[in-house]
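# Observations on the three-dimensional arrangement
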Amino acid sequence: MTGRFDLPDIDAFTRAYWDAAAEGRLLIRRCSACARAHHYPREFCPYCWSEDVTWERASGRAALHTWSVVHRNDLPPFAERTPYVAAVVDLAEGPRMMTEVVECAQDRLRVGMALEAAFREGVPVFRPPGR
């Protein structure tokens, strides 16, 4: 264990996702059988169960679906980040994604507000466009 709870455990399947994130690219999976996109990365489509799924670069555009302001988290390194905004965003490609909203005052958050992907230590977070 690294002593940090904000960094992923990378395995052979998710390596492509995390390598892309380290380069500032957000990937999703798309099913060739039903054409639906999904996130988090899985080896099969959660809609039709096909294993004919491929990686696709996402636009990085999203809309805020919901959020919660976290005021206490004792796990490293979250304690130093409080308060922070844990959120769910709707990616432009369709899937919902759990994330964190950064670089935005909490009183400015609104359901449906536009966000764009950014990356902190190779982990996708979201912020208002143009930041």
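Our structure is the block above this text.
First, a word on what this report is: a plain description of the structure on this page. Note that the structure is predicted; figures quoted are calculated from it, not measured.

All right, on to the state of the cysteines then. For the coordinates displayed, the defined rule picks out 0 disulfides. Between Cys 31, a cysteine without a disulfide, and Cys 48, which holds the nearest cysteine sulfur, the sulfur-to-sulfur distance is 3.6 Å. Residue class for Cys 31 comes out buried when judged on its relative accessible area of 2%.

What follows is about the packing of aromatic side chains. The final tally for this structure, using the stated rule, is 5 aromatic pairs. Plain terms: the ring middles of Tyr 17 and Trp 18 are 4.8 Å apart, the flat faces sit at 90° to each other, and that makes the pair edge-to-face. A relative accessible area of 18% means that Trp 18 is categorised as buried. With a centroid separation of 5.1 Å and an interplanar angle of 5°, the aromatic rings of Phe 44 and Trp 49 are classed as stacked.

As a further point, take the pattern of salt bridges. A side chain of one charge can pair with a side chain of the opposite charge if their charged atoms are brought near each other. Tallied over the full model, the rule gives 10 salt bridges. The shortest N-O distance in the salt bridge between Asp 90 and Arg 96 comes to 2.5 Å. Residue Arg 96 is classed as partly exposed on the basis of its relative accessible area, which comes to 45%. Note that Glu 116 is salt-bridged to Arg 127, the shortest N-O span being 3.3 Å. Placement of Glu 116 in strand E7 (residues 114-120) and of Arg 127 in strand E8 (residues 123-127) is noted, with a sequence separation of 11 residues between them. Overlapping salt bridges, with partners in common, bring together Arg 4, Asp 6, Arg 81 and Glu 121 in one network.

All right, on to the environment of Phe 119 then. Summarising the element assignment, Phe 119 is placed in strand E7. For Phe 119, a relative accessible area of 26% puts it in the partly exposed group. Sequence separation of Phe 119 and Val 101 is 18 residues, and the distance between their C-alpha atoms is 11 Å. Discounting chain neighbours no more than four positions away, the residues touching Phe 119 are Ala 21, Gly 24, Arg 25, Leu 26, Pro 124 and Val 125.

If you walk across this open sheet you meet the 3 strands as E2-E1-E3, and the pairing is antiparallel. Strand pairing shows two members of the sheet lacking a second neighbour, strand E2 (37-38) and strand E3 (53-57), which therefore form its edges. One ladder, built from 5 bridges, connects strand E1 (residues 27-31) with E3; its direction is antiparallel. Residue pairing across strands places Leu 27 opposite Arg 57, the latter belonging to E3.

The rules we used
- Residues numbered from 1 in each chain as written.
- Predicted model: local features only at pLDDT ≥ 70, side-chain atom pairs only at ≥ 80, totals over all residues.
- Heavy atoms only, no water.
- Disulfide = S-S within 2.5 Å.
- Buried < 20%, exposed > 50% of the residue type's maximum accessible area, 1.4 Å probe, protein only.
- Phe/Tyr/Trp six-rings, centres within 6.5 Å; stacked < 30°, edge-to-face > 60°.
- Salt bridge = Lys/Arg side-chain N within 4 Å of Asp/Glu carboxyl O.
- Helix = DSSP H or I, 4+ residues; strand = E, 2+ residues; numbered from the N terminus.
- Contact = heavy atoms within 4.5 Å.
- Pairing = 2+ DSSP bridges.

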